[in-house]
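# Structural overview
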Amino acid sequence: MQINRLKKISDKVRYETIKLIHKTKTAHLGSCLSCIDILVANYFSNIILRSNVNFKSKLKDTFVLSKGHAAPALYVVLQMKGYISKKMLNTYSKPNSYLEEHPNIKINGVLVSSGSLGHGLSYVAGVALGDQINKKNNYHVLVMSDGECNEGSTWEAAMFITGKKINNILAFIDCNKWQATEKTSDIMNLDPMKQKWQAFGWKTYEIDGHNFSSLINVIKKFKKNPKPTAVICRTIKGKGVSFMENDNLWHYRSPDKKEYLKAIKEIGFKK
Amino acid sequence: MRNAFVEEITKISKKNKKIVILVGDIGYKLYDDFKIAYPKRFYNCGVAEANMTTVAAGLALKGFKPITYTIATFNVYKTVEQIKVDVAYPNLPVIIVGVGAGLSYSGLGSTHHATEDIGVLRSIPNLNIVVPADPSELRSLLKEIIKSKKPTYLRIGKRGEKYIYKNIPNTKIGKANYLVRGKKICIIGCGNILVNAFYAIKKLNKKNIFPSLVSMHTIKPLDTKLLKKIFKSYTHIVVLEEHSEIGGLAGAVSEFYTDNNYKNNNFLKMNIGNKFVLKTGHQNHAFQKLNLNEKQIMNRIERFIKK
């Protein structure tokens, strides 16, 4: 039941994200589509992230989209969860709106202004360290990209977290095999990703990042044993739209009218 | 200066339970008292300054008052994006301490010279920049910085600096302190190097030259109110700093000067120029090489006043 519900929500998030990007002619659709299932599994499964995520005046559970360029997908999720209004969502990328193409701390439900890669894990480390000092148990989830693992600061944070025995951090790495201009494997030697994180002292899983039962399983296991956990999510850039899947053109390109209609039809929506 | 910093922050942390110190594998035994008193509030973050800076930002989101502490070069040049994006942009009360300001680590070579740090950081919005003249001024300013709750870069020396103040002065962020009151000529400066000017002035007094000396300990926000008065009251202005000629205090003062169309003052800028400083040995030798020691400052001012 839960899985079917999440799938439906996921389709809806995909549809709204494609629509948003089509309307505003903005970039990063492929990067949104690869991580939507991860976002949905976290926000809608009610296992660890419940209500008041990133409630800044009294911070408890947090979520950081470290790959900030997937902001449109996050905004759609935040709207569906009631953090921002539909009216506000429609201001995305428009003048006078905080809904820029990367998340801004001024938005309700957004904890940090991400967009420059390699910062999210350190941010979460600081927040979780604060909990450790205060002897509080809150959960801290983040979504990073595989390209983001190019950044040295990502590995500084990875060492710091396990070195200082900071718990309650769950990192999903959206390994869609592409970064802005090339295949990740053609740029740097990222694999074996799982072993790299293991070597840094993290509990690791390698799963299909579009499979809800795998995603839910990992979140449940983390809840039972909240050691620093890295989930290598094997994903498809552009997931859900046949002509976008695995085509890096859609890192920057936004669909025109014809492409938009074709795309939403594939995921079961009409204009 | 670093000892004064550690002593003072250890004292302050007794009352202020929110202070957390993060160090970048520096200060051997320096923090022993702090660590014993507050073991949960001290973290050696290793030689990973970028992470340290953002961890501080994360702690600040949780309501802590984090301080990052390492050698000025590393705490600025390796972290400038983290300072901009994670600290200054969300306006979080993180204090970034750069120890070994200017040429404090002269003998260690240019890798350890923090002579562009003010220039690098000054253009970042929200970030205050504070450069105390001596350990007493530092003690006073540290309290003010913590009170201010603003992202702040605190640039301090190393150890063994001479004192200028006899007692701990009153200070306020953004309000410069007069160290010597004279006439006609005003030396505006910041940091350790003010000591050289302080003693140069004593010698100049014997020659009937009476410069004023101002510690512009806050580079940002700049004390423009006082600058206005100075430009009206003095014909000769000297700007002294242990920093590149580009982007530092001289840059800040010049920007204010041109923005307001002042024109009646003569300027002399004393700084390290626009170069890497090589083959210097100890800091005093570096000063000599750069025409910045006590005697050289005295001579340069004597020549300047004849203009």
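All of the points below concern the structure found in this document.

Basis of the calculations
- Residues numbered from 1 in each chain as written.
- Chains lettered and ligands numbered in written order.
- Predicted model: local features only at pLDDT ≥ 70, side-chain atom pairs only at ≥ 80, totals over all residues.
- Heavy atoms only, no water.
- Helix = DSSP H or I, 4+ residues; strand = E, 2+ residues; numbered from the N terminus.
- Rg over C-alpha atoms; globule rule 2.2 N^0.38 Å.
- Contact = heavy atoms within 4.5 Å.
- Areas by Shrake-Rupley, 256 points an atom, 1.4 Å probe, with all protein chains shown as cover.
- Lys, Arg positive; Asp, Glu negative; His and termini not counted.
- Charge placed at Lys NZ, Arg CZ, Asp CG, Glu CD.
- Buried area = accessible area lost by both parts, 1.4 Å probe.
- Salt bridge = Lys/Arg side-chain N within 4 Å of Asp/Glu carboxyl O.
- Polar contact = N/O pair within 3.5 Å; in protein donor to acceptor, adjacent residues only side chain to side chain.
- Nonpolar A, V, L, I, M, F, W, Y, C, P; charged D, E, K, R; others polar.
- Buried < 20%, exposed > 50% of the residue type's maximum accessible area, 1.4 Å probe, protein only.
- Pairing = 2+ DSSP bridges.
- Right-handed = clockwise from strand over helix to strand, strands pointing away.

### Side note on the overall build of chain A
What chain A contains, in helices and strands, is 10 helices and five strands. Its C-alpha atoms give chain A a radius of gyration of 17 Å, near enough to 18 Å, the size a compact globule of 271 residues would have. With the C-alpha coordinates of chain A rotated into their principal frame, the extents come out at 50 × 40 × 40 Å. By sequence separation, contacts in chain A at least 24 residues apart represent 76% of the contacts at least 6 residues apart. For chain A, the accessible area works out to roughly 11100 Å², and carbon and sulfur atoms hold 51% of it. Positive and negative charge centroids in chain A, built from 42 and 22 side chains respectively, lie 10 Å apart.

### Let's talk about the interface of chain A and chain B
Every contact between the two is made by 27 residues of chain A and, on the other side, 24 residues of chain B. Here chain A meets chain B over a buried area of about 2100 Å², counting both sides, of which 63% is carbon and sulfur. Between the two partners, chain A and chain B, sit one salt bridge. For the salt bridge of Lys62(B) with Asp131(A), the shortest nitrogen-to-oxygen distance reads 2.7 Å. At the boundary of chain A and chain B, one finds 10 residue pairs in polar contact (both at pLDDT 80 or more). Taken together, the elements giving at least two residues each to the side of chain A that touches chain B come down to helix H5 (120-134) and helix H6 (152-163) of chain A. Of the residues forming the side of chain A that touches chain B, the biggest block, 11 residues, is contributed by H5(A). Looking at the side of chain A that touches chain B residue by residue, the class counts come to 11 nonpolar, 11 polar and five charged.

### Structural notes on the pairing of strand E1 (residues 19-23) of chain B
Residues and elements named next belong to chain B. Along E1, five of the five residues are buried, which leaves the element largely enclosed by surrounding structure. Pairing between E1 and strand E3 (residues 65-71): five bridges, direction parallel. Bridging from a neighbouring strand, Ile19 pairs with Lys65 of E3. When E1 meets strand E2 (residues 42-44), the two strands line up parallel, connected through three bridges. Opposite Ile21, over in E2, you have Phe42 as the bridge partner. Crossover handedness for the path E1 to helix H2 (residues 32-37) to E2: right-handed.

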